[in-house]
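One-letter residues, chain by chain:
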Amino acid sequence: MGREAYYRDSLAPTSQPASCRAKHDYTLYQFFSSGGVLSRTHPAYEFRRGQLQMAQAVEQALEEKRHLIVEAGTGTGKTLAYLLPVIRSGKRVLISTGTKNLQEQLFYKDIPFLEQALYPNGEAKLRVCYMKGRANYLCRKKLYDLTDQPVLSGLEEIEQYRAIAAWEKTTQTGDRSELASLPEASALWPKLDARSEACLGQKCSSWDRCFITEMHRRAMESDIIIVNHHLFFADLSIKQATEYAPDAGILPEVGAVVFDEAHELEGVAGSYFGVSVSNLRIEDLIRDVESSLQRHHLLSAKIAGATRNLRERSQFFFALLPPGAGRFAFQNRPQFLEENGDEFIGLMQALGRLASEIQNLSQKPEEVFSFVRRIEELQVQFRFLMESEDRSTVFWIERRGGRGTSRDGHGVSRADKSSLESGALAPESKTTYRRSNVFLQATPIDVAPILKTCLFDQLDCAVLTSATLAVGGGFEYIRQRLGVEHARELVLPSHFDYQNQALLYVPRDLPDPRTPQFSTRAADRIRRLLEITRGRAFCLFTSYAQMNEIYQRLLGELEFPMLLQGDAPKSVLLEEFRLTPHAVLFATSSFWQGVDVQGEQLSSVIIDRLPFAVPTDPVVAARVRAVDEAGGNAFFQYQVPAAVITLKQGFGRLIRSLHDRGLLCLLDNRMLNKRYGRVFLESLPNYRKTVELKDVESFFAVH
C-alpha cells in the first residue's frame with residue numbers, strides 16, 4: 001500500500017489547494033436529475049428529490065457563508081449531496097465523520113466516482129487526503145531507538161517488533177492498519193506510535209522522513225481533507241490550548257467543514273475539552289524517561305531514585321481515591337484533600353523532583369525538554385482536578401480493568417494524549433491497558449459555549465448532517481447542545497418506503513422494563529419473535545446486564561445460531577452474522593450505529609427499552625442538574641431528545657436499501673403509555689405500527 005492509499009493528486013505539489021477548480025456548465029439539477037450526469041454514470045441511479053434539495057442547500061450555505069443543519073434520512077444519498085457542492089465551491093473543505101467505514105467510503109468509493117463523473121477524460125483530478133489520529137502512525141525515531149536498545153517483553157513483542165521493523169522499510173504511510181498481523185491489543189504498538197506527547201517536532205532526527213510531517217504536507221496540498229470527529233476535536237483542543245500558535249495541531253485552515261454523523265459531536269467534543277490524568281499516564285512518563293536516559297547512558301542513581309519515588313507516590317495516591325466501579329462522581333474533593341493532603345503534596349513534590357533532576361543533567365538530549373513539559377502539564381492538571389471550584393465542570397473518577405476495554409475518547413481530554421490521539425471511531429472500540437487503571441476526570445458540563453466560540457464563530461460555513469438530528473421534526477435540541485446559532489435548517493424524508501418496508505411493533509402487555517418481572521417476559525417475547533422471523537435479528541440492549549441475562553435465558557431454547565457481543569471483536573461478529581444463515585446477534589451500544597447489513601440476513605431489530613442515558617453517570621447527572629438549575633426541564637429538554645436520537649440510530653440498522661424489509665420491535669410500552677412517548681413516535685420515520693403479535697405474523701406470512 002503506497003502513498004496513493006491515502007492521497008491522490010495529478011498536479012504538481014504546491015502549498016495551496018487548487019482554488020481554480022472550474023465551475024461546470026451544468027447546474028446541480030442537471031447533475032442529479034433524471035437524464036443528468038449521475039443517471040448516466042451511476043449503475044444504481046434513481047432520482048432522489050431529497051438528494052437534490054440537500055445539494056442545493058449545501059451549495060447555498062457555502063456561497064452565503066452560513067451554517068446549515070440538515071437531517072437526511074437513510075437512503076437520501078447525502079454523501080454525494082454534500083460532496084458535489086464542496087467540489088464546485090473551489091474552497092479547501094474538511095469533512096469530519098463519525099466512523100472509519102464512512103471515511104473509507106468517501107475516500108475509496110464516493111470521491112473517485114465523482115472524479116470520474118466530473119472528469120471522464122481524466123483532464124483534472126481532485127487532491128484528497130485521508131487522515132487519522134497520530135497514534136495510528138509509526139514514529140520512526142521510537143523504532144530506531146528501540147533498535148539500538150531493545151526493551152521487549154516476551155516472544156510475542158519480539159515477533160511484533162521484527163514485523164514492524166521490516167514493514168517500516170517499505171511503508172509509505174506508516175499507518176498500522178497496513179499491518180494485518182498486528183493484534184488490535186498489541187502492547188508494543190503504544191511504545192512506537194507517533195502521539196504528540198513524546199514528539200520532538202522539527203528537532204527530531206527523523207523529522208524529514210516523519211509520517212506525521214508527510215501527512216501534514218498532504219493536508220496542506222489537498223482540496224478535500226477527510227478526518228474523524230476524534231481527530232478534529234483533538235486538533236481543535238490543542239490549538240485552543242496553545243492559543244492558536246502557528247505550528248499547533250496538524251489540520252490546516254479550511255474554508256468550510258462538513259460534519260457527517262453530527263449527532264455524535266457533543267459526546268466527542270466534551271471528551272477533548274476536559275482534563276484527565278491517570279496512573280497509566282504517570283507510568284508511561286516514567287517508562288519514557290528511564291528508557292531514554294538509559295539509551296543515552298544518563299540514568300544516574302539520583303534520577304533512578306526520583307522515578308522510583310514518583311512511581312510509589314503515584315500508586316499510593318491513586319489507591320487512596322474513593323472506591324467505586326466504572327464511572328462515578330468525585331463530589332467530596334475538599335474533604336478528600338483535607339484528609340489526604342500530605343499524599344497529594346507528596347505526589348506533586350515527586351513530579352517536581354524528577355523534573356529538577358533531569359533539568360540538572362549536564363548533557364541534555366532533546367527528549368529531556370519534552371519530559372519537563374509533560375511533568376509541568378501533569379502538575380497543572382492535577383491541581384485543577386483536585387483544587388478547582390469551577391462550577392461549569394463536573395469532576396469524576398473512572399476505573400478501568402486491567403487489559404479491559406473503555407470507550408475511546410469518552411472521558412478523556414487533550415491532556416491525556418495517549419487516549420485522545422488514538423483517532424478512535426467506534427463508541428466502544430477496544431483499548432488495552434496493562435493493568436487496572438484509575439482516571440481522574442474533569443468534563444465541561446455544557447460544551448455549547450466552547451463550541452460557539454472556538455468553532456462555529458470561527459468558521460465561515462459548517463454543515464451538520466446525519467440521518468438522526470431532528471427531534472419532533474425540529475433542531476432545537478441539537479442547536480442548544482452544540483451552540484449553533486444563525487443556521488439554516490432542513491429535514492429531508494428518507495428515500496425508502498417505510499410504510500411497506502418496515503413494521504414497528506410495541507407490545508402493550510409487557511411489564512414496565514424497570515420492574516423485576518420484565519426480563520422473564522421479555523425473553524419469552526423475543527423467543528416468539530425470533531421464531532416468526534426465523535432468527536435474522538439484532539437484539540439490542542441498553543445494558544450489558546440485560547443483554548447477558550436475556551442471552552442466558554434463551555441459550556438452548558433457540559434453534560438459531562446465537563452471537564454475543566464480547567465473544568469476539570466487533571468486526572468478526574459482524575462478518576460471522578453476515579455469513580451465518582438465521583443468526584441472532586445480542587449486543588449493546590456499539591452496534592446501535594455505524595453498522596450496515598443489507599438484505600434478508602437482517603430482518604429484525606429488537607430493542608429492549610427506551611435508550612435513556614444512565615442517570616447516575618456523573619456527566620449525565622451534572623448536565624441534568626445544570627438544565628434544571630437554569631429553570632429548564634432536563635427530562636424533556638435533554639434526556640428525552642438524547643434517547644430519541646439513540647433510538648432512531650438503533651432502528652436505522654434495519655432498512656439500508658430499497659429492497660430491505662423487516663420488523664422493528666421496542667419491548668418498552670412506555671412509548672405508548674407515557675406523555676413523552678409521543679415525542680418518540682413523532683420523531684421516528686413513518687413506519688407501519690402495531691401492538692398486535694398477529695400483525696407481525698402476517699407481515700412475515702406466518703400462520
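Residues numbered from 1 in each chain as written. Predicted model: local features only at pLDDT ≥ 70, side-chain atom pairs only at ≥ 80, totals over all residues. Heavy atoms only, no water.

Participant: Where do I start with the overall build of the chain in this structure?
Facilitator: Counting secondary structure elements, the chain contains 26 helices and 19 strands. Residues classed as buried in the chain amount to 58% of the 703 residues present. Across the chain, every contact between residues at least 6 apart in sequence was considered, and the portion connecting residues at least 24 apart equals 81%. Accessible surface computed for the chain: about 29300 Å², of which carbon and sulfur atoms make up 49%. (Helix = DSSP H or I, 4+ residues; strand = E, 2+ residues; numbered from the N terminus. Buried < 20%, exposed > 50% of the residue type's maximum accessible area, 1.4 Å probe, protein only. Contact = heavy atoms within 4.5 Å. Areas by Shrake-Rupley, 256 points an atom, 1.4 Å probe, with all protein chains shown as cover.)

Participant: What's the story with the packing of aromatic side chains in this structure? I'm lost.
Facilitator: Each aromatic ring pair is characterised by the separation of its centres together with the angle its planes make. Enumeration according to the criterion identifies 29 aromatic pairs in this entry. With a centroid separation of 6.3 Å and an interplanar angle of 85°, the aromatic rings of F651 and Y687 are classed as edge-to-face. Of this pair, F651 sits in helix α23 (residues 634-651) while Y687 is found in the loop between α25 (677-683) and β19 (688-690), placing the two residues 36 residues apart along the sequence. Residue F651 is classed as buried on the basis of its relative accessible area, which comes to 1%. Since its relative accessible area comes to 4%, Y687 is described here as buried. An aromatic cluster of at least three residues, connected via ring pairs, comprises F317, F318, F330, F336, F344 and F382. Seen from the ring of F439, R400 lies directly overhead, with NZ or CZ sitting 3.7 Å from the centre. Above the face of the F699 ring, R661 is positioned so that its terminal group lies 3.9 Å from the ring centre. (Phe/Tyr/Trp six-rings, centres within 6.5 Å; stacked < 30°, edge-to-face > 60°. Lys NZ or Arg CZ within 6 Å of the ring centre and 35° of its normal.)

Participant: Would you take a moment to explain the sheet that holds strand β13 (residues 502-505) for this structure?
Facilitator: Two modes of strand pairing occur in sheets, parallel and antiparallel, and in both the strands are linked by backbone hydrogen bonds. Reading across from one edge, β15-β16-β14-β17-β18-β13-β19 is the order of the 7 strands in this open sheet, with parallel pairing throughout. What marks the edges here is a single partner per strand, and that holds for β15 (562-564) and β19. Between one strand axis and the next, the sheet turns by 15° as a mean value, whatever way the strands run. In the sheet, β13 pairs with strand β18 (residues 662-666) via 4 bridges, with the strands oriented parallel. Across the sheet, L503 pairs through a bridge with L663, a residue of β18. (Pairing = 2+ DSSP bridges. Axes fitted to C-alpha atoms, helices over the stretch in contact; angles between N-to-C directions.)

Participant: What am I meant to see in unusual backbone geometry here?
Facilitator: Peptide bonds are trans in most cases, and residues, glycine excluded, mostly fall at negative phi. One non-glycine residue with positive phi stands out, namely E261, at about 60°. Within the chain, H486 stands out as a residue other than glycine whose phi angle is a positive 55°.

Participant: What should I look at first to understand the pairing of strand β6 (residues 256-260) in this one?
Facilitator: Each regular strand carries side chains that alternate between the two faces of the sheet. A large share of β6 lies buried, amounting to 5 of its 5 residues. Across the two faces of β6 the burial is the same, with A256, V258 and D260 and V257 and F259 all buried. Across 4 bridges, the pairing between strand β3 (residues 93-97) and β6 is parallel. Its bridge partner being in β6, V93 is matched across the sheet by A256. Judged from the 4 bridges that link them, β6 and strand β11 (residues 462-466) form a sheet pairing that is parallel. In the strand pairing of β11, V258 is matched with V463.

Participant: Even after reading the chapter, I still don't get the confidence of the model for the chain, so can you show me in this structure?
Facilitator: In low-pLDDT segments, the atomic positions of the prediction should not be examined closely. Mean pLDDT over the chain works out to 87, with 90% of the residues at or above the 70 mark. Note that residues 9-23 has pLDDT below 50 and, in this model, 41 contacts with residues that lie over four places away or in other chains. pLDDT under 50 marks residues 403-434. Its contacts with residues more than four places away, or in other chains, come to 117 contacts. (pLDDT = per-residue confidence, 0-100.)

Participant: What is the right way to read the packing of helix α12 (residues 301-320) against helix α13 (residues 333-359) from this model?
Facilitator: Angle between the axes and distance between the axes are the two parameters that describe a pair of packed helices. Where α12 meets α13, the axes come as close as 9 Å, and the angle between the chain directions of the two elements is 155°. Relative to α13, the element α12 lies roughly antiparallel. The chirality of how α12 crosses α13 is left-handed. For the pair formed by α12 and α13, the contact residues are K302, I303, G305, A306, T307, N309, L310, R313, S314, F316, F317 and L320 on the first element and F336, N340, E343, F344, G346, L347, A350, L351, R353, L354, E357 and I358 on the second. A per-class count over the contact of α12 with α13 returns 13 nonpolar, 6 polar and 5 charged. (Parallel < 35°, antiparallel > 145°, perpendicular 65-115°, else oblique. Left-handed = near helix turned anticlockwise from the far one by under 90°. Nonpolar A, V, L, I, M, F, W, Y, C, P; charged D, E, K, R; others polar.)

Participant: Looking at this model, I keep getting lost on the sheet that holds strand β8 (residues 327-329). Mind explaining?
Facilitator: If you walk across this open sheet you meet the 4 strands as β7-β10-β9-β8, and the pairing is antiparallel. Strands at the two margins of the open sheet, each flanked by one partner only, are β7 (275-278) and β8. Sheet twist, expressed as the mean angle between neighbouring strand axes with direction ignored, is 25°. Against the sheet, helix α14 (residues 366-387) engages β7, β9 (393-400) and β10 (437-444), with an angle of about 105° to β7.

Participant: When you look at the packing of helix α3 (residues 49-64) against helix α4 (residues 78-89) in this model, what are you seeing that I'm missing?
Facilitator: Here α3 crosses α4 at 35°, and the two axes come no closer than 8 Å. Judged by the sense of rotation from one axis to the other, the crossing of α3 with α4 is right-handed. Packed against α3, whose contacting residues are Q51, M54, A55, V58, E59 and L62, the element α4 presents K78, L80, A81, Y82, P85, V86, R88 and S89 at the interface. Of the residues contributing to the contact of α3 with α4, the split by class is 9 nonpolar, 2 polar and 3 charged.

Participant: Where do I start with the pairing of β13 in this structure?
Facilitator: Of the two faces of β13, both are covered, the one formed by A502 and L504 as well as the one formed by L503 and Y505. Sheet topology places β13 next to β19; 3 bridges connect them, and they run parallel. Bridge pairing links L504 to K689 in β19.

Participant: What am I meant to see in the environment of Y137 here?
Facilitator: Considering the arrangement of structural elements, one finds Y137 in the loop between β4 (128-130) and α6 (140-148). Of the residues examined, Y137 reaches a relative accessible area of 1% and is grouped as buried. Each C-alpha atom of the pair Y137 and S177 lies 8.9 Å from the other, and the pair is 40 residues apart in sequence. Beyond its immediate stretch of four places on either side in the chain, Y137 contacts Y130, M131, K132, T173, G174, D175, W189, L192, D193, A194, I212 and M215. Engagement of the side chain of Y137 in a polar contact is seen with the backbone nitrogen of K132, the distance being 3.2 Å. (Polar contact = N/O pair within 3.5 Å; in protein donor to acceptor, adjacent residues only side chain to side chain.)

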